[in-house]
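Fold and contact review
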Amino acid sequence: MADLIIKASDVTEPEVIALLTEHHQNMRAISPPDACFALDLDGLRTPSIHMLAAWKGEALAGIGALKIYDADLAEVKSMRTSAAARRTGAGRAILDALIELAKEKGLTRLALETGTTDAFAPSRTLYGSLGFTPCGPFADYAEHPHSLFMERGV
């Protein structure tokens, strides 16, 4: 996406907070309570989380984060594009930036959890197009019929 600027976010910008709030509410609405792993704002302000925000001019196009578990593994969290930026390449640009950030940090594996319902089909397609393949649960996750776990090397 041309003229998109991706930079670190400390999760204090009002636009970022609004998009994260929308993301969290949507995930809770379309996921069973025991399969909703979206982090709230406080959960995204911990030292193990590295949040990126993508801006097109003054408009927030999207967000994404890495949750670092150890020297090898990080999880992709809180991927969300604004309604205006959907299907423009903003999500791919954010995910590319998260992959680059993982490389810079010397990580060797990225993993994620996403949903199995039709609402998550665009996310699964994006992840697959960037080399993520299905895997088993990682970190503290457990098998769940509404969860698909994916991973890729960095």
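Summarised in this report is the structure supplied together with it. Numbering of residues begins from 1 in every chain and follows the order in which that chain's sequence is written. Only residues with pLDDT of at least 70 are given local features in this predicted model, and only at 80 or more are side-chain atom pairs given and counted; all residues enter the totals for whole chains, interfaces and linings. Think of the side-chain values as coming from all heavy atoms in the structure, minus any hydrogens and water.

**Remarks on the overall build of the protein chain**
Counting its secondary structure elements, the protein chain contains 3 helices and 7 strands. Helix numbering and strand numbering both begin at the N terminus, where a helix is a DSSP run of H or I of at least 4 residues and a strand a DSSP run of E of at least 2. Overall, the protein chain shows an N-to-C arrangement of helices and strands of β-α-β-β-β-α-β-α-β-β. For a compact globule of 154 residues, the expected C-alpha radius of gyration is about 15 Å, and the protein chain comes in at 14 Å, within 12% of that figure. Reported as C-alpha extents along the three principal axes, the dimensions of the protein chain are approximately 40 × 35 × 30 Å. Of all 154 residues assigned to the protein chain, the portion counted as buried reaches 45%. As presented, the protein chain carries roughly 7700 Å² of accessible surface, and 53% of it is formed by carbon and sulfur atoms. Counted as positive: Lys and Arg. Counted as negative: Asp and Glu, with His and the chain ends omitted from the count. Here the site of a charge means atom NZ of a Lys, CZ of an Arg, CG of an Asp or CD of a Glu. Counting 15 positive and 20 negative side-chain charges, the protein chain places the averaged centre of each group 4 Å from the other. Between the two quantities, the radius of gyration covers C-alpha atoms and the globule rule is 2.2 Å times the number of residues to the power 0.38. For each residue, the accessible area found with a 1.4 Å probe, counting protein chains only, is set against the maximum for its type, and the residue is called buried under 20%, exposed over 50%, and partly exposed in between. Note on areas: these come from Shrake-Rupley sampling with a 1.4 Å probe, and a residue is covered only by the protein chains present in the view.

**Details of the environment of T81**
Tracing the chain through its elements places T81 in strand β4 (residues 73-81). A contact between two residues is defined here by any heavy atoms of the two lying within 4.5 Å. Leaving out residues up to four positions away in the same chain, T81 has contacts with L19, A61, G62, R86, A90, G91 and I94.

**Here we look at the pattern of salt bridges**
Criterion for a salt bridge: a side-chain nitrogen of Lys or Arg within 4 Å of a carboxyl oxygen of Asp or Glu. The final tally for this structure, using the stated rule, is 7 salt bridges. For K56, the salt bridge goes to D3, with nearest N and O atoms at 3.8 Å. Separated by 53 residues along the polypeptide, K56 in strand β2 (residues 49-56) and D3 in the segment before β1 (4-9) bring together distant segments of the chain. Residue R86 is joined to E22 by a salt bridge in which the shortest nitrogen-to-oxygen separation is 3.5 Å. Placement of R86 in the loop between β4 and α2 (90-104) and of E22 in helix α1 (residues 14-30) is noted, with a sequence separation of 64 residues between them. Note on R86: relative accessible area 38%, which makes it partly exposed. One network of salt bridges, with partners in common, ties together E22, R80 and R86.

**Brief notes about the environment of E151**
Note on placement: E151 falls in strand β7 (residues 147-153). Each C-alpha atom, one on E151 and one on G131, is 8.0 Å from the other, the two residues being 20 residues apart in sequence. Beyond its immediate sequence surroundings of up to four residues, E151 is in contact with R109, L110, A111, G131, F132, T133 and C135. Residues adjacent in sequence count toward polar contacts only when both atoms are side-chain atoms; beyond that, a polar contact is any pair of N or O atoms within 3.5 Å, and within protein one must be able to donate a hydrogen and the other to accept it. A polar atom in the side chain of E151 sits 2.6 Å from the side chain of R109.

**Points about the pairing of strand β5 (residues 109-115)**
Taken across its 7 residues, β5 has 6 buried, putting it largely inside the fold. With its strands directed away from the observer, a crossover is right-handed exactly when the path from the first strand over the helix to the second travels clockwise. Crossover β4 to β5 through α2 is right-handed. For two strands to count as paired, DSSP must find a minimum of two bridges between them. The sheet contact formed by β5 and β7 spans 7 bridges and is antiparallel. Looking at the pairing, A111 lines up with E151 of β7.

**Side note on the packing of aromatic side chains**
Note on aromatic contacts: the rings of Phe and Tyr and the six-membered ring of Trp form a pair at centre separations within 6.5 Å, being stacked when their planes are under 30 degrees apart, edge-to-face when over 60 apart, and tilted otherwise. This structure, assessed with the given rule, holds 6 aromatic pairs. Aromatic side chains Y69 and F138 sit 6.4 Å apart centroid to centroid with 80° between the ring planes, which places their arrangement in the edge-to-face category. Of the two residues, Y69 sits in the loop between β3 (59-68) and β4 while F138 sits in the loop between β6 (133-135) and β7, which places them 69 residues apart along the sequence. Judged by its relative accessible area of 31%, Y69 falls in the partly exposed class. Exposure remark for F138: the relative accessible area of 4% places this residue in the buried category. Note on Y127 and F132: the rings are 5.8 Å apart at their centroids and 65° apart in plane angle, and the pair reads as edge-to-face.

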